[in-house]
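# Understanding the architecture of this molecule
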Amino acid sequence: MESDGESVAGILDEAAAMATELAELRRSIHAEPEIGLDLPRTQRKVLDALAGLPLEISTGRELSSVTAVLRGGRPGKTVLLRGDMDALPVTERTGLPYASKIDGAMHACGHDLHTAMLAGSARLLSGHQADLAGNVIFMFQPGEEGPGGAQIMVSVGVLDAAGERPVAAYALHVISSLLPIGVLGGRVGPIMAAADALEVTVHGRGGHGSQPHSAADPIPVTCEIVLALQTMVTRRFDIFDPVVITVGTLHAGVADNVISDEAHFAATVRTFSAQARERVADEAPRLAREIAAAHGMTATAEFVPGYPVTVNDETETAFVQQAIADLLGDGRYITAPNPVTGSEDFSYVLDEVPGAFVFLGACPPGTDPWTAPFNHSAQAVFDDAVLPDGTALYAELALRRLAAS
Ligand SMILES: [Zn+2]
Ligand SMILES: [Zn+2]
């Protein structure tokens, strides 16, 4: 049996030798971005990249997912590696030679890199099939940016693709700022927020703007609810288990001298624990309804669930940190002080399987990670140079985790 040192250097060298093909795949996906659950061209590129490998491949019915299973030459457990494949409704303004050819679609969240790295790791691990002590599920997922491909893939059985539940699941996510290129960042516990919505309609009774007493004006009541939500956040919730409520739309009325029949607003609600999420789901709609009632009106208030909190397992996060140190050297992993307030549907996988979700800094060399445009910006740039290390890390996590179980 090889020593760890030899196998680690081998994986890294093998991934480095794939740099050109990884960049070509990534740029081809980048130039033709697709949005949502239906990504036929991207799916075709993944299937082409996996062609000829000793994989059991299946594709989704309700979405253009690709699930591939590699069965190792030695018996053992199963691990899952995930890469998302979808782009965003953004018109690219990077000026890159391989920039999106499609107006209104851009890989502004770097999922093109995830797809290329995951496909690369399938090729890399296929070369190590004989040494592999168990199975690897490669989860190529559409619809991360909405409406939620991971939940669909979980519901149709991606976790059982190898015949038994994985013992661990891992995902990498590139970011175009905040981390220097090639540096990984993670943390134990919540790493991304839950993202839910609150939809409120206050039902009043319209009338003449000069005679509010003969109408029921929903606007002041709505304003009161918006402010009371902020008071609720600071007075009713633990500051160390934070809640963010941002009212993003607010609509009522047609003219300055007309009292409208109703007013409507919608808010995004971010939480970092299942407990806080459950409480805010209960209390925010009640607050809206009861403030309306206090003014003799009614309110329809609905908490619309989105992605759950993404929670990293303590043991698996320590495992990933050690694998990064051994594979890539010291100084390549930092512990993030706080979760990120965005959300991620890998949370549905981590709700079922212990694992870790880790960021990979990918801003181009020479740019300042603190000021570079962030993910989702039309100017976000992710550098190809991170592809070999990311590919090697996916492969190393699977090899090492299976060897340990
Ligand atoms: Zn994104
Ligand atoms: Zn993303």
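Our structure's up above, just so we're on the same page.
In short, a report on the structure. (Residues numbered from 1 in each chain as written. Chains lettered and ligands numbered in written order. Predicted model: local features only at pLDDT ≥ 70, side-chain atom pairs only at ≥ 80, totals over all residues. Heavy atoms only, no water.)

So, on to the coordination of the zinc ion (ligand 2). Within the first shell, the zinc ion (ligand 2) binds the protein through Cys109 (SG), His111 (NE2) and His173 (NE2), at distances of 2.0 to 2.5 Å. In terms of primary sequence, the donors binding the zinc ion (ligand 2) are separated according to C-x1-H-x61-H. Separation of the zinc ion (ligand 2) from the zinc ion (ligand 1) amounts to 3.1 Å, with Cys109 serving as a shared donor to the pair. Taken together, the residues Cys109 in the loop between strand S3 (74-84) and helix H4 (111-126) and His173 in strand S5 (residues 168-175) connect sequence positions 64 residues apart. When its relative accessible area of 5% is taken as the criterion, His173 is described as buried. (Donors = N, O, S within 2.8 Å, 3.2 Å for Na, K, Ca; no water. Helix = DSSP H or I, 4+ residues; strand = E, 2+ residues; numbered from the N terminus. Buried < 20%, exposed > 50% of the residue type's maximum accessible area, 1.4 Å probe, protein only.)

The subject of this paragraph is the sheet that holds strand S1 (residues 55-59). A sheet is described by the order of its strands in space; here eight strands give the open sequence S1-S2-S4-S3-S5-S16-S6-S15, paired in mixed fashion. Two strands lie at the open edges of the sheet, namely S1 and strand S15 (333-335), each paired on one side alone. Taking the axes of each pair of neighbouring strands and ignoring which way they run, one obtains an average angle of 25° across the sheet. Sheet analysis places S1 next to strand S2 (residues 66-71), joined by five bridges and oriented antiparallel. Bridging across to S2, Thr59 finds its partner in Val66. (Pairing = 2+ DSSP bridges. Axes fitted to C-alpha atoms, helices over the stretch in contact; angles between N-to-C directions.)

Residue placement: Arg187 occurs in the loop between strand S6 (184-186) and strand S7 (189-192). One buried charged residue, Arg187, forms no salt bridge at all, with the nearest opposite charge on Asp241 at 9.7 Å. A distance of 2.5 Å separates the side chain of Arg187 from the backbone oxygen of Pro190, its partner in a polar contact. Filtering out sequence-adjacent residues up to four positions away, Arg187 remains in contact with Asn312, Thr317, Tyr333, Thr335, Ala336, Pro337, Asn338 and Pro339. (Lys, Arg positive; Asp, Glu negative; His and termini not counted. Salt bridge = Lys/Arg side-chain N within 4 Å of Asp/Glu carboxyl O. Polar contact = N/O pair within 3.5 Å; in protein donor to acceptor, adjacent residues only side chain to side chain. Contact = heavy atoms within 4.5 Å.)

Take H4 next. Between its first and last C-alpha, H4 extends 23 Å over 16 residues, near the 22 Å set by a 1.5 Å rise per residue. Burial runs high along H4: 15 of the 16 residues are buried. (Expected span 1.5 Å × (residues − 1).)

According to the stated counting rule, one finds 20 salt bridges in the structure shown. Between Asp112 and Arg26 there is a salt bridge, and its shortest N-O distance comes to 2.8 Å. Placement of Asp112 in helix H4 and of Arg26 in helix H2 (residues 19-31) is noted, with a sequence separation of 86 residues between them. Exposure remark for Asp112: the relative accessible area of 0% places this residue in the buried category.

This part takes up the layout of surface pockets. Roughly 620 Å³ of internal volume is contained in the largest pocket. Residue lining of the largest pocket: 28 residues in total, with Met192, Val340, Gly342, Phe359 and Phe374 positioned closest to the centre. Where the lining of the largest pocket is concerned, the elements lending two or more residues are S5, strand S13 (298-307), S15 and strand S16 (355-361). Among the residues making up the lining of the largest pocket, the classes are represented as 15 nonpolar, nine polar and four charged. (1 Å grid on protein atoms, 1.4 Å probe; cavity = no way out; pocket = protein on both sides within 12 Å on 5 of 7 lines; lining within 4 Å. Points joined across faces, edges and corners; volume = space filled by probe spheres on them. Nonpolar A, V, L, I, M, F, W, Y, C, P; charged D, E, K, R; others polar.)

Here we take up the packing of aromatic side chains. Scanning the model with the defined rule gives four aromatic pairs in all. With a centroid separation of 6.0 Å and 85° between ring planes, the pair formed by Tyr307 and Tyr348 is classed as edge-to-face. Here Tyr307, found in strand S13, pairs with Tyr348, found in helix H9 (residues 347-350); they are 41 residues apart in sequence, far enough to count as distant. The exposure classification of Tyr307 matches that of Tyr348, with both residues buried. (Phe/Tyr/Trp six-rings, centres within 6.5 Å; stacked < 30°, edge-to-face > 60°.)

Summary: where empty space remains is shown by rolling a probe the size of a single water molecule over the atoms. Summed over the entire model, instances satisfying the criterion amount to one cavity of 30 Å³ or more. In this structure, the largest cavity is lined by Ile219, Thr222, Cys223, Leu250, Ala252 and Ala263. Broken down by secondary-structure element, the contributors of at least two residues to the lining of the largest cavity are helix H6 (218-236) and strand S10 (243-252). Here the lining of the largest cavity takes three residues from H6, the largest share from any one element. Of the residues belonging to the lining of the largest cavity, the class tally is five nonpolar, one polar and no charged.

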